[in-house]
Amino acid sequence: MTLRALSVVSEAYPLIKTGGLGDVAGALPAALAPYDVAMTTLIPGYAPVMAALKNTTVLHSYTDLFGTEARLVAGTTKGLDVIVLDAPAFYTRSGGPYGDAAGVDWPDNWQRFGALSRAAADLAEGKVGGPGFDVLHAHDWQTALAAAYLHYDGATVPSVVTVHNIAFAGWFPAHIFPALGLPDHAFQIEGVEYYGGVGFLKAGLHTADAITTVSPTYAEEIRQPDFGMGLEGLILARRDHVFGIVNGIDTAVWNPAEDPYLAAPYERRSLHLRRQNRAAIEECFGLSDGIGPLFAVISRLTTQKGMDVLAGTTDEIVAMGGRLALIGTGDHSIEASFNAAARRHPGKIGVKIGYDESLSHLLQGGADAILIPSRFEPCGLTQLYGLRYGCVPIAADTGGLADTIIDANAAALSAGVATGFLFDGVNKNGLIRSISHATNSFADRKTWRSIQEQGMRADYSWKRSGRQYADLYRRFAKEPAHMEIKTAEQR
Ligand code: ADP
């Protein structure tokens, strides 16, 4: 029987994306379709989303949802079945989905995402807009509160909350609590209270039927204080409900053989064509020719991503004969460090501060390796795109990076299974050692090619992960699953 799932999320590619969450939410419906799950995506009515909406039907009008008028509008757009929460007072503004153009969080985010979560619960329960859904799937702090609404409403609809990044807690001061419309007793430790305020993510983790996170290693890491951001105790207490399901990638959007953003599309058997893409990168980033590896960075420029450490090793990269092409935005001080490095090393380091989907594809299609020195990484997608594109990942041995890259140590190389380079401890020496190791391997063309080809053979499509989500939904919606999925405990 077809299972009807409502995914509620703050971004979904190709409508709106700021990072991996958008990619995953955009790909989930198609990933689940083969397993007889019909997924509708509820998303805020940001201007680009409203503009893209087709075949619309108004499902419901709220006269007062968190202090404003709002409508639930169903439609289709860019291959997705969506319901949009059209609340212009909340979502029609210039800037990003979470903050203004300077990156400062919108002060009313608790209302913007509280309203979205309330609407999700109303839809899932069938209180508005139709007969309801068989399961509700919420993502990160922005929508985790939807699970709490279902719980405190006493609804029977099961909820799944996925942690894409536990570092973003969605903490708000206690005085907002009455406006959330939850019962008084919800404001306690065994509820939504979190460090004296309200924790949107905590509320969801406490009340969801199932918690998933985006890789098995991260599912174990977030039980520890170093990674759990204060929620490790809750994760540990709920360990029987925590599942690690690695993200897939959209192999139609990320396909080097048919990528419209590449100067020269290519396959595993025609890797020599990557040279043309490398030439396009060199031109675009103002880089001179070179015989050493061309490293790429496509990242938020934050300490989570280890970009402060990388910014401190640019001189060594150049000294080792490497070049670097970087696209990213984030902390202004890290942006400034990379800009300074580009000025110190003209022709060797090219930096573009900004967000550009097409350039991110070109970099994967032409650079030799992608650098991902994350201090923690719930799943990470850029290494998966790198594997598929023969852009060898050099990454920290953590979270989803550890789960998806096979390190080029002697044993893996001799067995011909290595797909990248993993290093322990995000610090300058560790990073330099790893880059030096990769640079030496790069000089050995046969070895390098084998690493590239092995990565390109790896299957990180949604096939397996789509099935795991579908089975999880069915388990909680009380339908027989196709396949047993295990918690970290049971593995
Ligand atoms: P996170 O979601 O933590 O930022 P992920 O690796 O999971 O990290 O996903 C990042 C996504 O955002 C990838 O699709 C990556 O290609 C994209 N991305 C990151 N920075 C940029 C940028 N400056 N320009 C274009 N795409 C970017």
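Residues numbered from 1 in each chain as written. Predicted model: local features only at pLDDT ≥ 70, side-chain atom pairs only at ≥ 80, totals over all residues. Heavy atoms only, no water.

1. Some points on the pattern of salt bridges
Note the following rule: Salt bridges are identified by distance alone: a Lys or Arg side-chain nitrogen within 4 Å of an Asp or Glu carboxyl oxygen.
Here the structure, examined in full by the defined rule, presents 19 salt bridges. Put simply, Arg 118, Asp 122, Glu 125, Lys 127 and Asp 153 are held in one network by salt bridges that share partners.

2. Some thoughts on the site of the ligand
For clarity, the threshold we go by: Residue proximity to a molecule or strand is established when one non-hydrogen atom of the residue lies within 4 Å of it. Here a polar contact is taken to be a pair of N or O atoms separated by no more than 3.5 Å, where protein atoms must pair a possible hydrogen donor with a possible acceptor and residues adjacent in sequence count only if both atoms sit in side chains. Under the DSSP-based scheme used, a helix requires at least four consecutive residues in state H or I and a strand at least two consecutive residues in state E, with every element numbered from the N terminus. Throughout this entry, Asp, Glu, Lys and Arg are counted as charged residues, while Ala, Val, Leu, Ile, Met, Phe, Trp, Tyr, Cys and Pro are counted as nonpolar. The remaining residues, Gly among them, count as polar. An automatic or database domain assignment provides the domain bounds reported here.
Around the ligand sit 19 residues in total, of which Lys 17, Gly 20, Asp 23, Arg 300 and Gly 354 are the nearest. For the ligand, an oxygen atom lies 2.7 Å from a polar atom in the backbone of Gly 20. Residue Asp 356 places a main-chain N or O atom 3.0 Å away from a nitrogen atom belonging to the ligand. Of all the secondary structure elements, the ones that give two or more residues to the shell around the ligand are helix H1 (20–32), strand S13 (294–301), strand S14 (323–330), helix H14 (357–366) and helix H15 (382–389). Top element by residues in the shell around the ligand is S13. It accounts for three residues. Of the residues belonging to the shell around the ligand, the class tally is five nonpolar, eight polar and six charged. Structurally, the shell around the ligand is a two-domain feature, drawing no fewer than three residues from each of domain 1 (3–248 + 462–476) and domain 2 (268–457).

3. Topic: the sheet that holds strand S15 (residues 349–353)
Using the following cut-off: Two strands are counted as paired when DSSP detects at least two bridges linking them. In this description, a line fitted to the C-alpha atoms serves as the axis of each element, helices being fitted only across the stretch in contact, and the angle between N-to-C directions of two axes falls anywhere from 0 to 180 degrees. The criterion used for residue contact is that any of the two residues' heavy atoms lie within 4.5 Å.
With parallel pairing, the six strands of this open sheet are ordered in space as S15-S14-S13-S16-S17-S18. Among the strands making up the open sheet, the edge pair consists of S15 and strand S18 (421–423). Strand-to-strand twist across the sheet, computed as the mean angle between neighbouring axes with direction ignored, equals 15 degrees. Most of the contacts of helix H18 (residues 428–443) go to S18, to which it runs at about 160 degrees, and overall it touches S13, strand S16 (369–372), strand S17 (392–396) and S18. On top of the sheet, helix H19 (residues 445–457) reaches S16, S17 and S18; it is set at about 80 degrees to S17, its chief contact.

4. Section: the packing of aromatic side chains
Here is the rule: Two aromatic rings, drawn from Phe, Tyr or Trp (for Trp, its six-membered ring), form a pair once their centres lie within 6.5 Å of each other, and the interplanar angle then sorts them: stacked below 30 degrees, edge-to-face above 60, tilted otherwise. Per-residue accessibility, obtained with a 1.4 Å probe over protein chains only, is compared with the maximum for each type, and a residue is labelled buried under 20%, exposed over 50%, and partly exposed between these values. Sitting over a ring, as applied to charges here, requires NZ of Lys or CZ of Arg to be within 6 Å of the ring centre and within 35 degrees of the ring normal.
The tally for this structure, following the rule as stated, stands at 17 aromatic pairs. Taking the centre distance of 4.7 Å and the plane angle of 80 degrees together, the rings of Tyr 194 and Tyr 195 count as edge-to-face. Judged by its relative accessible area of 9%, Tyr 194 is buried. Here the aromatic cluster, defined as three or more aromatic residues joined through ring pairs, consists of Tyr 98, Phe 113, Trp 141, Phe 172 and Phe 200. Between the NZ or CZ atom of Lys 352 and the centre of the ring of Phe 285, over which it lies, the distance is 5.3 Å. Positioned over the ring face of Phe 442 is Arg 445, at 4.6 Å from the centre of the ring.

5. A closer look at the environment of Ile 327
Assignment of secondary structure puts Ile 327 in strand S14. According to the relative accessible area criterion, Ile 327 is buried, its value standing at 6%. Setting aside anything within four residues of it in sequence, one finds Ile 327 in contact with Val 297, Ile 298, Ser 299, Lys 352, Gly 354, Tyr 355, Asp 356, Leu 359 and Leu 363.

6. Concerning helix H13 (residues 332–344)
To keep it simple, the criterion reads: Working rule for helices: expected span equals 1.5 Å times residues minus one. Throughout, the arc means that of the directions going from the helix axis to the C-beta atoms.
Taking 1.5 Å per residue, 13 residues should reach 18 Å; H13 reaches 18 Å between its end C-alpha atoms and fits that length. Among the residues of H13, those classed as buried are Ile 334, Glu 335, Phe 338, Ala 341 and Ala 342. Looking down the long axis of H13, one finds its buried residues gathered within 120 degrees of arc, a one-sided arrangement. Residues of H13 that are exposed and angled more than 90 degrees away from the buried face: His 332, Ser 333 and Arg 343. Of the surrounding elements, those touching the buried residues of H13 are S13, helix H11 (307–311), helix H12 (314–319), S14 and S15.

7. Comments concerning the sheet that holds strand S8 (residues 171–172)
With antiparallel pairing, the three strands of this open sheet are ordered in space as S8-S10-S9. If you trace the sheet from one side to the other, it starts and ends with S8 and strand S9 (193–194), each paired once. One ladder, built from two bridges, connects S8 with strand S10 (residues 197–199); its direction is antiparallel. For Trp 171, the partnering residue across the bridge sits in S10 and is Gly 199.

Spatial relationships are all this shows, so hold off on functional conclusions.
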